[in-house]
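Each chain, letter by letter, is given below.
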Amino acid sequence: MKLLFATTNSGKLTEVKKVFSETSFTILSLADFPVVPDIVEDGLTFAENAKIKAKTVYGLFHVPTLADDSGLSVEQLSGGPGVFSARYAGKNATDEANNKLLLEKLTHFSEPHLAKFICSAVFYDGKNFILAEDVMEGKIIHEPRGVNGFGYDPLFVAEGFSVTNGELSLDEKNRISHRAKAFNNLKNILLEKLL
Ligand code: IMP
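The model shown is predicted, which means the values in this text are computed figures rather than measured ones. (Residues numbered from 1 in each chain as written. Predicted model: local features only at pLDDT ≥ 70, side-chain atom pairs only at ≥ 80, totals over all residues. Heavy atoms only, no water.)

A. Representation of the layout of surface pockets in the model. Each pocket or cavity is described by its volume, and for the largest pocket that value is around 1,300 Å³. If you go around the largest pocket, you meet 43 residues; those closest to its centre are Thr8, Lys12, Glu41, Lys53 and Ala86. For the lining of the largest pocket, the secondary-structure elements that each account for two or more residues are α2 (46-61), β3 (65-74), α3 (95-106) and α5 (178-194). Per element, the largest residue contribution to the lining of the largest pocket is 5 residues, and it comes from β3. Here the second largest pocket defines a volume of roughly 190 Å³. Together, 14 residues line the second largest pocket, and Leu114, Ala115, Glu137, Gly138 and Lys139 are the ones closest to its centre. By residue class, the composition of the lining of the second largest pocket is 6 nonpolar, 3 polar and 5 charged. (1 Å grid on protein atoms, 1.4 Å probe; cavity = no way out; pocket = protein on both sides within 12 Å on 5 of 7 lines; lining within 4 Å. Points joined across faces, edges and corners; volume = space filled by probe spheres on them. Helix = DSSP H or I, 4+ residues; strand = E, 2+ residues; numbered from the N terminus. Nonpolar A, V, L, I, M, F, W, Y, C, P; charged D, E, K, R; others polar.)

Structure follows, in structure tokens:
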């Protein structure tokens, strides 16, 4: 069965393809379809935004759709950047600009900067939504390390680890990541319901 993962983020796509790699689901992405206009993610939660993405993309292509919304929540920043993680330093901000702003904001606080990544993963088939969520707990360090992953990975050290996510291999990150865990939960529900 084909599932369209509503993303153009190659980092996310690689992670999610890996989760579904030993199933009979084939994961397509927006790269396989005509360009989608910008989707306004104006939900107040990750779950709302994931549902907005899934519903919009299903409405365009009528293929059972997976979508996620995810982000970083830092305790000392009252849960920020939260749903604004991708555009923390402004619309179309680069990862580097977002990371720089995060470090600037955290200079006012002492370490450890406790933080977590949150992911809401959603399936939509035109009738029903199925939602699964998970988190990865850890902390933000004061300078970036590593070139793997994307987003805030070079600044994030997961609980129980001494290296950043940017220093983990894809397999290592996939064992602990919020997205891998949320999509694994979703995959298990789908395997039960659809196959
Ligand atoms: P989304 O594409 O709206 O889900 O935005 C996710 C944003 O949150 C990304 O652009 C990153 O800034 C951040 N983020 C989410 N997941 C991760 C991750 O696994 N590593 C690093 N940053 C992440």
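B. Representation of the nonpolar core within the structure. Counting 19 residues, the largest nonpolar core has Leu3, Phe20, Leu66, Phe183, Leu186 and Leu190 as its most contacted members. Going through the elements one at a time, β1 (2-5), α1 (10-19), β4 (113-124), β5 (129-140) and α5 are the ones with two or more residues in this core. With 5 residues, the top contributor of residues to this core is α5. If we ignore the near neighbours within four places in the chain, the residues touching Leu3 are Phe20, Phe25, Thr26, Ile27, Leu28, Pro64, Leu66, Phe123 and Leu190. Counting 16 residues, the second largest nonpolar core, distinct from the first, contains Ala115, Phe117, Ala158 and Ile176. (Core = buried A, V, L, I, M, F, W, Y, C linked by side-chain atoms within 4.5 Å. Buried < 20%, exposed > 50% of the residue type's maximum accessible area, 1.4 Å probe, protein only. Contact = heavy atoms within 4.5 Å.)

C. Seen up close, the pattern of salt bridges. Following the criterion strictly, the structure yields 10 salt bridges and no others. Two residues, Lys173 and Glu15, come together in a salt bridge whose shortest N-O distance is 2.8 Å. With Lys173 in helix α4 (residues 170-176) and Glu15 in helix α1, this residue pair connects regions lying 158 residues apart in the sequence. Neither residue differs from the other here; Lys173 and Glu15 are each classed as buried. Taken together, the salt bridges that share partners define one network made up of Lys12, Glu15, Asp68, Asp153, Lys173 and Arg179. (Salt bridge = Lys/Arg side-chain N within 4 Å of Asp/Glu carboxyl O.)

D. Quick look at α1. Those residues of α1 that sit buried are Lys12, Leu13, Glu15, Val16 and Val19. Each buried residue of α1 sits inside an arc of 165° when the element is viewed along its axis, so together they form one side. Where the residues of α1 are buried, they touch β1, β2 (26-29), α2, β3, α4 and α5. If you check the start of α1, you find a side-chain oxygen 2.8 Å away from the backbone N of Gly11, and it comes from Asn9. (Arc of directions from axis to C-beta. Polar contact = N/O pair within 3.5 Å; in protein donor to acceptor, adjacent residues only side chain to side chain.)

E. Region of the structure containing the side chain of Lys187. Mapped onto the fold, Lys187 is located in helix α5. Glu22 provides the closest opposite charge to the buried, salt-bridge-free Lys187, at an N-O distance of 7.2 Å. A polar contact is formed between the side chain of Lys187 and the backbone oxygen of Val19, at a distance of 3.3 Å. Discounting residues that sit within four places of it in the chain, Lys187 has contacts with Val19, Phe20 and Thr23. (Lys, Arg positive; Asp, Glu negative; His and termini not counted.)

F. Structural context of the site of the ligand. For the ligand, the set of nearby residues contains 16 residues, the closest of which are Lys12, Asp69, Asp153, Lys173 and Arg179. Contact between the ligand and Tyr152: a nitrogen atom at 3.1 Å from a main-chain N or O atom of the residue. Within the side chain of Asp153, one N or O atom sits 2.7 Å away from a nitrogen atom of the ligand. Considering the ligand on its own, with 490 Å² of exposed area, one finds that the protein chains cover 91% of that surface. Most atoms of the ligand, that is more than half of them, are within 2 Å of grid points of the largest pocket. Mapped by element, the contributors of at least two residues to the shell around the ligand are β3 and α5. Ranked by residue count, the leading element in the shell around the ligand is β3, at 3 residues. Here the shell around the ligand is built from residues that sort into 4 nonpolar, 5 polar and 7 charged. (Near = heavy atom within 4 Å. Areas by Shrake-Rupley, 256 points an atom, 1.4 Å probe, with all protein chains shown as cover. Sits in = over half its atoms within 2 Å of the grid points.)

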